[in-house]
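Residue-level structure breakdown
Single-letter residue listing:
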Amino acid sequence: MKLHLKIWRQNSATEKGAFERYTLSDVSADASFLEMLDILNEQLIAENKDPVAFDHDCREGICGMCSLTINGVPHGPERATTACQLHMRHFKDGETIVIEPWRAKPFPVTKDLVVDRTPFDSVMQAGGFVSVRTGASPEANATPVPKPIAEYAMDAAACIGCGACVAACKNASAMLFVGAKVSHLNSLPQGKPEKDRRVVAMVEAMDSAGFGNCRNYAECEAVCPKEISLDVIAQMNRDYASAKIKQFFAPAES
Amino acid sequence: MKLDAKIPEGPIQEKWENHKASVKLVNPANRRKYHVIIVGSGLAGASAAATLAEQGYNVSCFCYQDSPRRAHSIAAQGGINAAKNYHSDGDSVYRLFYDTVKGGDFRAREANVYRLAQESVNIIDQCVAQGVPFAREYGGYLANRSFGGAQVSRTFYARGQTGQQLLLGAYSALSRQIGLGQVKMYNRHEMLDLVLVDGHAKGIIARNLVTGEVERWSGDAVVLATGGYGNVFFLSTNAQGCNVTAAYRAYKRGAGFANPCYTQIHPTCIPQHGDQQSKLTLMSESLRNDGRVWVPKRAEDCQKNPNIIAEQDRDYYLERKYPSFGNLAPRDISSRAAKEACDDGRSIAHGGQGVYLDFSDAINRLGESVIRERYGNLFEMYERITGDNAYKTPMKIYPAVHYTMGGLWVDYNLMSNVPGLFVLGEANFSDHGANRLGASALMQGLADGYFVLPNTLPDYLARVGAGRPSVNSEPFNQAEASVKGRMDKLMSIQGKRSARSFHMELGKIMWEYCGMARNEAGLKKALERIPALREEFWQDVRVPGQKEGLNPELERAGRVADFLEFAEMMCYDALDRDESCGGHFRTEHQTDDGEAKRDDERFAHVSVWEHTGEGARPEKHVEPLHYEEVHFATRSYK
C-alpha cells in the first residue's frame, strides 16, 4: 500500500506544533497501524530526520498506552478497537491519513503524538481504591457478591485508562473514566463503606485537574475501545448527589 | 560469588512460619527513617510498594510507562492459581506445590515453591477485598476453572483480563499510598545503573525520559521488579518496552544471573504476517480443546486453499505422534512439533512459520453456535488481527516466546547475592524451574510483593540500620559518569543502521539457535555471531535526536545494547546445560518419542553466572537443588 500521512509534530510542551506530510510505500495491508508508524520511523532515521514520537507498549489493546487521533477520531475508525489493534487493511491504497495526539487541555503534548495523562492518576489517588491493608482481608468467600453485580463491576472495570473519552469530548470531560471507576468500586460490597467519600473525592479531583463537564454528547461512549457504557456516568452522578445530600444533613460524618 | 540460599530449617510446611517468627523487625516509629527504591510497577512492584508504604516505610517507585497501571502484567489473560480447594476436588497447598515443582521439571527450589503455594490463598483474599471483580457463580461465590498441568480447578479469573484486574487492584493500593504521600511515584523513568556503596545496593541512576536528565536516587535498599527478558528474541508476546536493562545492569554490578536459558514458548500465537511485524499476539491455549492442528502432507499443497485439501492429504501431526494427548499435548511438546513440521518444508504461512488450527470438525459436530459461545471473543480477536474468519477457514498459528523463567539469583528472602538488592516476580528465577505452569506468573508476582518481601526486607533493614548515603558520594559520581559516557557514545556513532534493525537481527539469531530447540553446533554459531553483531552495533548504529528531552530511539538503543550482551550469556548457559529440561530442549538429549531427557546426575542445580568483564565469558557458579519432598520423575504424556 502507498499512504500519505499528515502528522502532528511538536518538539515539546512549550513549543508550537504543526502538521508535516510524509509518504510511505510498500506498507503491508496486514501491518498494524503502529507497525506502519514503525516503518515511517525507520525511513526517517535512514533520512537522518527526527522520528515521530508516539506512545505504545503492549500492542494488544490492554495497556492503554497508545493514544492517536486518526482522521479526527480517537483510536481511529474501527469500533471497540485501540489504535494498536487497528490494521492497515481498513485503509485504502493511496489514502491520506491525518494523525494527531489526544486534543484536550488537561493532557498537554509532551512531544509529537505523546501526551501527559497524569491527571488520570491524580483522580485515582484521590479515591480510586478500597482502603484495605495487605493482610487485613477476610476469607474471599465470606462475602458473596451476586453474579449480576459482579458482572456489572467487571463491565466498568474493563476501562484501560487510555483517555480516548476525554479526547473525543468537546468539553474534555473525564466523566466516563471517573464514572467507570466509581461504578466498579461503589457497586461491590467491598467498596460500600467508602462509597460517599470516594465519589466526592474523585469528582473534586477531576474538577480540579481541569476536566470539563458532561453535556451528554456521548462521543466518549462511541470511541471507548472497551465499550464502557454511559450508564456509569449516571451512576456516578447519583452517588455524588446522594453523598452530597448526606453531607449536607450530617456534615460531620463525611 | 557466595551463594547461600538461606533456606530455613525444619519440615517444609513449617519453614515459612518459623522464618517469619525469627526475622528481625523494625519498630513502627523507626520505619519512616528508611527509604526503599522499587523499580517496576507491575504486580510485584506495585504490590510491594503499596505494602511497604502501608507499614510505614518511605518508598520511591519508578516505571518507564506514563502510569504505573500500564505495566505488562496487565496483558495476562487466563487466571491466577490458588489452593483454595473451593471445588473440594482434592486441592491443597501441598498439591499446588507438587504440581509446580513437577511442572518446572524439577529445576525449582522446593522451599520457595512451597511458600508460594501457602501464600496463594492469601492473595485471593486480598484481591477480593480490594474490589477485584473475579468471575462468580450464581450463588455469589468465586468461580474456578482448570488449567494445564493440574487435575483440579484452582484457577481464579476475571473474564479474559485477569492480569489487568489484578494489576488495577495493586495499582489502586499503590495509588492510595501515593495520595497519602508515603510513596513517591516516578513515571517515565528508566533505571540505567545500580549503585553499590561498600558492597551494598544503595541507589540507582535513572533517566527521566521526558527531560532526558540523568538522576541519582539513594535508598536503604533497592528492589527490582522489572519483568522478564523475552524481548531478546525481538518478536515475543511481551510489550514493546519490556527489557533486560535493569536486571542486566545489576548483573554487571555483581548480581548473579540464574538459568538465563530457561524461556517459555507458547504454542498458539498468531504467526508473523511479514517483516514489518513488531510483536506477536497470543491466542488462548484453550482453543486446542476443539481445534485440530495440521499441515499438508506434501510441501506443494502448502500454498493451496486449506479447505480443498483432502482429508487423506493432511498430516494431523500431534494426533499422529502423541495419540493419547493429541492436540492437547503440553506446551513445549506442541511448540517443538510445529517447528519440526515447518522445518520439514510444510509451513502454511509467511517465512516458513505457521500451521493450521482447524475447527471444522468441531463445528460440524457441535454447530457453529457452540463454538462461538466457547471462543467467540478469540475468533473476533483473530479476525481483527488477520482479517480471516476462522469459522470458515482454519486459523494459522505458530509458537512464540512468552515468558522467561530465568532471572537474577535470589535467596529465600528474595535478596540477590548483592546485599540490599531484592528481586521480585519474573525478574527473579526462583519458583518456576525450567517451565512455568499456566496461571502461575500472576500468583508469583503478587506473592512476592504482598506477602514475601514485606516480611523479609525489614530483616535486612533492621540489620544494617537506617542511613542512606548522600547522592553526592563517589559511587554515585562513578555510576552516573558511566551511564552518561555510554549515552554519549551511543549518540556519537551516527552510523547507518537503526537500533531496531540490530534488534531484529539479534532476534533472528536467538530464535534460530537458542529458541525452541537448541544444539551444540547452533549455540556455538550463535556465540560467534552475537559478538560480531554487537561490534557492528557499536560501529554503525544511528541514534537520532538529542540526549535532552523525550527520545524513544535513545531508549531503544540502550536496551538493544544490553540485549546484545545478555544474549551471549543466554547462549553460554544453554550450551553449558547439556541436558533437556522443561523449556530448554537440547536436540542431543531426547527420548525416542521426542521428550525432554533430563540429566539429574549432572544438572540438578541452578546455574548462576557472574560477570567477569565485557566480552569475557561469564563464570558459572552452582546452587545444588535438593528434593526432600518431591522425588525426581519423568514427565509423561502417554
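Residues numbered from 1 in each chain as written. Chains lettered and ligands numbered in written order. Predicted model: local features only at pLDDT ≥ 70, side-chain atom pairs only at ≥ 80, totals over all residues. Heavy atoms only, no water.

Regarding the overall build of chain B
From N to C terminus, chain B includes 16 helices and 20 strands. In summary, chain B has a C-alpha radius of gyration of 24 Å against a globular reference of 26 Å for 638 residues, a match within 12%. Here chain B holds 638 residues, and 66% of them are scored as buried. Restricting to contacts in chain B with at least 6 residues of sequence separation, those with at least 24 account for 74%. When the accessible surface of chain B is totalled, it reaches about 21400 Å², and 46% of it is carbon and sulfur. One finds the centroid of the 76 positive side-chain charges in chain B at a distance of 3 Å from the centroid of its 78 negative side-chain charges. (Helix = DSSP H or I, 4+ residues; strand = E, 2+ residues; numbered from the N terminus. Rg over C-alpha atoms; globule rule 2.2 N^0.38 Å. Buried < 20%, exposed > 50% of the residue type's maximum accessible area, 1.4 Å probe, protein only. Contact = heavy atoms within 4.5 Å. Areas by Shrake-Rupley, 256 points an atom, 1.4 Å probe, with all protein chains shown as cover. Lys, Arg positive; Asp, Glu negative; His and termini not counted. Charge placed at Lys NZ, Arg CZ, Asp CG, Glu CD.)

What about the pattern of salt bridges?
Residues and elements named next belong to chain B. Counting across every chain of the model gives 73 salt bridges over all chains. The shortest N-O distance in the salt bridge between Arg70 and Asp66 comes to 2.6 Å. Notably, a salt bridge pairs Asp193 with Arg253, separated by 2.7 Å at the nearest N-O pair. With a gap of 60 residues between them, Asp193 in strand β7 (residues 189–197) and Arg253 in the loop between α6 (245–252) and β11 (257–258) connect regions that are remote in the sequence. By relative accessible area, Asp193 is classed as buried at 3%. With a relative accessible area of 25%, Arg253 lands in the partly exposed category. (Salt bridge = Lys/Arg side-chain N within 4 Å of Asp/Glu carboxyl O.)

Some words on the packing of helix α14 (residues 520–540) of chain B against helix α15 (residues 552–576) of chain B
Residue and element names in this part refer to chain B. α15 packs onto α14 with a crossing angle of 160° between their chain directions and a minimal axis gap of 9 Å. Looking at the two axes, α14 sits roughly antiparallel to α15. Relative to α15, α14 is oriented so that their crossing is left-handed. Together, Glu520, Leu523, Lys524, Ala526, Leu527, Ile530, Pro531, Leu533, Arg534, Phe537 and Trp538 of α14 and Ala557, Val560, Ala561, Leu564, Glu565, Ala567, Glu568, Cys571, Tyr572, Ala574 and Leu575 of α15 make up the contact between the two elements. (Axes fitted to C-alpha atoms, helices over the stretch in contact; angles between N-to-C directions. Parallel < 35°, antiparallel > 145°, perpendicular 65-115°, else oblique. Left-handed = near helix turned anticlockwise from the far one by under 90°.)

Looking at empty space enclosed by the protein
One pass over the structure, following the stated rule, counts 13 cavities of 30 Å³ or more. Considering only enclosed or pocket space, the largest cavity measures out at about 560 Å³ in volume. A:His56, B:Pro552, B:Glu555, B:Arg556 and B:Arg559 are, among the 36 residues lining the largest cavity, the residues nearest its centre. Elements with a contribution of two residues or more to the lining of the largest cavity: α1 (33–46) of chain A together with α15 of chain B. (1 Å grid on protein atoms, 1.4 Å probe; cavity = no way out; pocket = protein on both sides within 12 Å on 5 of 7 lines; lining within 4 Å. Points joined across faces, edges and corners; volume = space filled by probe spheres on them.)

So, the packing of helix α2 (residues 118–127) of chain A against helix α5 (residues 162–179) of chain B
A pair of packed helices is characterised by two quantities: the angle between their axes and the separation of those axes. Axis separation between α2(A) and α5(B) bottoms out at 7 Å; the angle between their running directions is 85°. Accordingly, the angle class assigned to the pair α2(A) and α5(B) is roughly perpendicular. From α2(A), A:Asp121, A:Met124 and A:Gln125 reach across to α5(B), where they touch B:Tyr171, B:Ser175, B:Ile178 and B:Gly179. Tallied by class, residues from the contact of α2(A) with α5(B) come to 3 nonpolar, 3 polar and 1 charged. (Nonpolar A, V, L, I, M, F, W, Y, C, P; charged D, E, K, R; others polar.)

What to know about unusual backbone geometry
Phi is positive for B:Asn85, close to 55°, though the residue is something other than glycine. Relative to the helices and strands, B:Asn85 resides in the loop between β3 (80–81) and α3 (93–103).

A short note on the interface of chain B and chain A
Much of the literature gives interface size as the accessible area that the parts lose upon coming together. Each partner contributes to the interface: chain B provides 74 residues, whereas chain A provides 77 residues. When the two sides are added together, the surface that chain B and chain A hide from each other amounts to roughly 6200 Å², 50% of it contributed by carbon and sulfur. A per-residue breakdown of the area chain B buries against chain A is headed by B:Arg70, B:Gln276 and B:Arg384, which together make up 11% of the total. Connecting chain B to chain A are 7 salt bridges. (Buried area = accessible area lost by both parts, 1.4 Å probe.)

Some words on the environment of B:Ser473
Within the fold, B:Ser473 resides in the loop between α11 (441–464) and α12 (474–493). A polar contact of 2.8 Å, which involves the side chain of B:Ser473, links it to the backbone oxygen of B:Ser470. (Polar contact = N/O pair within 3.5 Å; in protein donor to acceptor, adjacent residues only side chain to side chain.)

Quick look at the side chain of B:Thr155
Residues and elements named next belong to chain B. Position of Thr155 among the secondary structure elements: in strand β5 (residues 153–156). A distance of 2.8 Å separates the side chain of Thr155 from the side chain of Asn81, its partner in a polar contact. If sequence neighbours within four positions are ignored, Thr155 has contacts with Gly79, Ile80, Asn81, Ala143, Asn144, Arg145, Ser146, Phe147 and Ala439.

Focus on the domain arrangement of chain A
Residue and element names in this part refer to chain A. Here chain A is described as being made up of domain 1 (3–111) and domain 2 (117–253). Its C-alpha centre places domain 1 at a distance of 30 Å from the equivalent point of domain 2. Tallying the contact residues gives 20 residues for domain 1 and 21 residues for domain 2. Interface area, domain 1 with domain 2, both sides summed: about 1500 Å², of which 63% is carbon and sulfur. Put simply, domain 1 and domain 2 have 2 salt bridges between them. The interface formed by domain 1 and domain 2 includes 4 residue pairs in polar contact (both at pLDDT 80 or more). Classifying every residue of the side of domain 1 that touches domain 2 by side-chain character gives 11 nonpolar, 6 polar and 3 charged. (Domains from an automatic or database assignment.)

Observations concerning the packing of aromatic side chains
Summed over the entire model, instances satisfying the criterion amount to 36 aromatic pairs over all chains. On the numbers, 5.2 Å between centres and 85° between planes, the contact of A:Phe248 with A:Phe249 is edge-to-face. An aromatic cluster is defined as three or more aromatic residues linked by ring pairs; in this entry it consists of B:Tyr229, B:Tyr248, B:Tyr251, B:Phe257 and B:Phe566. Between B:Arg115 and the ring centre of B:Trp16, over which it is positioned, the NZ or CZ distance is 4.7 Å. (Phe/Tyr/Trp six-rings, centres within 6.5 Å; stacked < 30°, edge-to-face > 60°. Lys NZ or Arg CZ within 6 Å of the ring centre and 35° of its normal.)

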